[in-house]
Structures are given as C-alpha cells and as structure tokens.
Amino acid sequence: MVRNVAGVMAELEPEDFYLLSGVEQGMRFSEWVNREKLPKNSGLTAEEVDYRIDRCMTRELVERKTIQYVGYKLTVEGYDALALRTFAQRDTIQGFGAPLGVGKESDVFEVQSFKPLALKFHREGYTNFREVRRERDYTSENHHVSWLYTARKAAEREYEALETLFPEVSVPRPVDHNRHAIIMAKFDGVELAKAKLESEQVTGVLDLILSEMADAYAAGYVHADMSEYNVAVGERGVTVFDWPQAVPTDHDNARELLARDAKNIVGYFRRKYPGEMPDEVDIDALSDAIAGNEFESVDEFAV
C-alpha cells in the first residue's frame, strides 16, 4: 500500500509545492529531472532549491539518482501532495479519512467536504509502466517516459466518462478532478464478488447490470473492463464503477469490447450461481440487444 501522504500536508510550505511542481514540469520530458533545471522550473533560487529538496526528500516526496547528472523525480506521494493541495485550494475537500479500497491500479480514500466523498488516486503505470503503456490505447501512441502521464490520462478518461454517464447511468457522481485524482460521491453497496445473492435475486441483479451497460452504450460508452470487481450491489440497485478503460461507442473495437463485457459478467453469474442461470447464453445476440438498447432480460437469450 502506498503511504498516506495526508499526514505531512500540514508540514509543507508553499515553496515546497513550488519545488514539487518544478519536478513535475521536468518529468514531462525525462524520468529524472536534472538538478540544474529546477531553479527555472520552480521559480526558486538555487539555494532555496537545495533547502526544499532536503525537506521533500525527508518526507519521501521526491527521489534522487545520480546518472550522468544528479536527477530528481516525484514519488507517488509527491504527486498525491500536489493533487491534494489543488483540491484544498478549490475547497473541494476539507479533511482526509480512512482508506476505502486499495488496488493494483488505484487507491481510494474517504475525504470530508459538505458530506463524505471518495478520493481515487490512479496508479496506472507506477509499478508496471511499460506493460500499461503497451496495453492502454491512450498511451500506445505516446512515448512518454513517466508514469505520471499514464495515471493522469487514466483519471481524465474516467472523469470524462462519469460526467457523460451520470445520472442516466448508475455510476458514482463525479465532483472534481486534478492530475491523477478524482473526487466522487461515495456509493452504497457491496462489491458483486463479495455479495451473496438469494436464488430469487440472481437473474434480477444480472438484468440490472446488463441494463446499465445498455444505458451506458446509449449514452456513448462501453465500460471495457466489466467484472464482478467493479459492480456494487445495494438496496437501491447496482452501481458500476472503475471506468478508466472505457471507450466511446464509435471506437473501432467498441462492439467487440461490449461483447467481452457481457461475456465476462454473464460468465461470472454462471460460475457462481449455476442453478439459477441458463445453461448457455447467446452472447452475440445479447450484446446486439444491449447496443440497440433493446435488452429486457437475460432469459431471452438462453440457448
């Protein structure tokens, strides 16, 4: 788990953030930023840069490496600190709470505003940058050397999808976005993978999920990463979350990805609740119905 940076925010001074921003600017062009470029990037004197580097390194917000030159780069906590400062300056959040979920590609925390919200830090590329850059279509044509770009683009894509889909589709309500971080409303429910549905609930819950997929397609998006780990089941219905891999419906592979999403979610229900599900489901016909906004029940596609 990445260290929670909120605890050091009160210790940081404005000039510390100038230094962090200067490193961030340099990382647009190289993984390690030459020490000689930091005064210009940050607007600080050379002496002030040295002092601020020491403060930020002590708090594990930047790293140093000697290659052909002495270079610095932001740690994930340093990038988090920049996003948190922006949210605080906008009065989007006033307090930082407990973790809500930690995953391979994101960390989610509760934050306080006029009511509790959720803060999601995207981590795509932080530990497996080369793999993510190869697989994600929003990075495949860009030869950037930093994970910051990958994480920021993932957050931008997810926030854009949420803004488009909410409230017609049951997704978390988007509140604010900066760099690699998204603020959204907390939502009720239990992750589908952890839910224990009664026999009479199984097809009804699956139909709700497939209906949300149909509504999303009508609104212009395919989730493209549907599974039991990004659907929450609650008393008010279902919520589909984690949209960074979403593609617009005019994407060349949109229908293929829609069929894969349908196959994944139906496959999960068939594995976990075999007695309540049809033996076979015509996925092609099902995905056609979803795309045509003609879906009513999975039972219609039993083979």
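Residues numbered from 1 in each chain as written. Predicted model: local features only at pLDDT ≥ 70, side-chain atom pairs only at ≥ 80, totals over all residues. Heavy atoms only, no water.

### Thoughts on the pairing of strand S11 (residues 231–234)
The pairing of strand S9 (residues 190–191) with S11 spans two bridges and is classified as antiparallel. Opposite valine 190, over in S11, you have valine 233 as the bridge partner. Judged from the four bridges that link them, S11 and strand S12 (residues 237–240) form a sheet pairing that is antiparallel. Residue pairing across strands places valine 231 opposite valine 240, the latter belonging to S12. Hairpin remark: S11 followed by S12, antiparallel, with two residues in the connecting loop. (Pairing = 2+ DSSP bridges. Helix = DSSP H or I, 4+ residues; strand = E, 2+ residues; numbered from the N terminus.)

### Notes on the sheet that holds strand S3 (residues 70–74)
Within the open sheet, the three strands sit side by side as S1-S3-S2. Their pairing is antiparallel. Single-partner strands in this sheet number two, and they are strand S1 (33–34) and strand S2 (62–66). Of the strands in this sheet, S2 and S3 are in contact with helix H3 (residues 46–58), which crosses S2 at around 110°. (Contact = heavy atoms within 4.5 Å. Axes fitted to C-alpha atoms, helices over the stretch in contact; angles between N-to-C directions.)

### Points about the packing of aromatic side chains
A full pass over the atoms with the stated rule returns seven aromatic pairs. Taking 6.3 Å as the distance between ring centres and 10° as the angle between the ring planes, the aromatic pair formed by phenylalanine 295 and phenylalanine 301 counts as stacked. On the accessibility criterion, phenylalanine 295 (10% relative accessible area) is buried. In textbook terms, an aromatic cluster arises when at least three aromatic residues are bridged by ring pairs, as seen for Phe96, Phe109 and Phe121. (Phe/Tyr/Trp six-rings, centres within 6.5 Å; stacked < 30°, edge-to-face > 60°. Buried < 20%, exposed > 50% of the residue type's maximum accessible area, 1.4 Å probe, protein only.)

### Re the domain arrangement of the protein chain
For the protein chain, the domain assignment lists domain 1 (1–90), domain 2 (93–186) and domain 3 (190–301). Relative placement of domain 2 and domain 3: their C-alpha centres are 22 Å apart. Contact residues are listed per partner, giving 19 residues for domain 2 and 16 residues for domain 3. For the pair domain 2 and domain 3, the summed buried area comes to about 1,300 Å², and 58% of that belongs to carbon and sulfur atoms. Summed over the shared surface of domain 2 and domain 3, the result is one salt bridge. Notably, a salt bridge pairs lysine 120 with aspartate 242, separated by 2.6 Å at the nearest N-O pair. (Domains from an automatic or database assignment. Buried area = accessible area lost by both parts, 1.4 Å probe. Salt bridge = Lys/Arg side-chain N within 4 Å of Asp/Glu carboxyl O.)

### Structural notes on the layout of surface pockets
Estimated volume of the second largest pocket: approximately 330 Å³. Along its surface, the second largest pocket is lined by 19 residues, and Ser170, Phe187, Asp188, Arg236 and Thr239 are the ones closest to its centre. At the level of secondary structure, the elements contributing two or more residues to the lining of the second largest pocket comprise S11 and S12. Among the residues forming the lining of the second largest pocket, the class breakdown is ten nonpolar, four polar and five charged. (1 Å grid on protein atoms, 1.4 Å probe; cavity = no way out; pocket = protein on both sides within 12 Å on 5 of 7 lines; lining within 4 Å. Points joined across faces, edges and corners; volume = space filled by probe spheres on them. Nonpolar A, V, L, I, M, F, W, Y, C, P; charged D, E, K, R; others polar.)

### Regarding the sheet that holds strand S8 (residues 181–185)
Spatial strand order, S4-S5-S6-S8-S7: five strands in an open sheet with antiparallel pairing. With partners counted over all chains shown, the strands left at the sheet margins are strand S4 (95–102) and strand S7 (174–178), one partner each. Taking the axes of each pair of neighbouring strands and ignoring which way they run, one obtains an average angle of 25° across the sheet. As paired strands, strand S5 (residues 106–112) and strand S6 (residues 116–122) are joined by seven bridges and run antiparallel to one another. Directly across from valine 108, in S6, lies its bridge partner lysine 120. Sitting on the sheet, helix H4 (residues 76–89) is in contact with S4, S6, S7 and S8, with an inclination near 130° to S7. On the sheet, helix H6 (residues 147–165) packs against S6, S7 and S8 and is oriented at approximately 155° with respect to S7.

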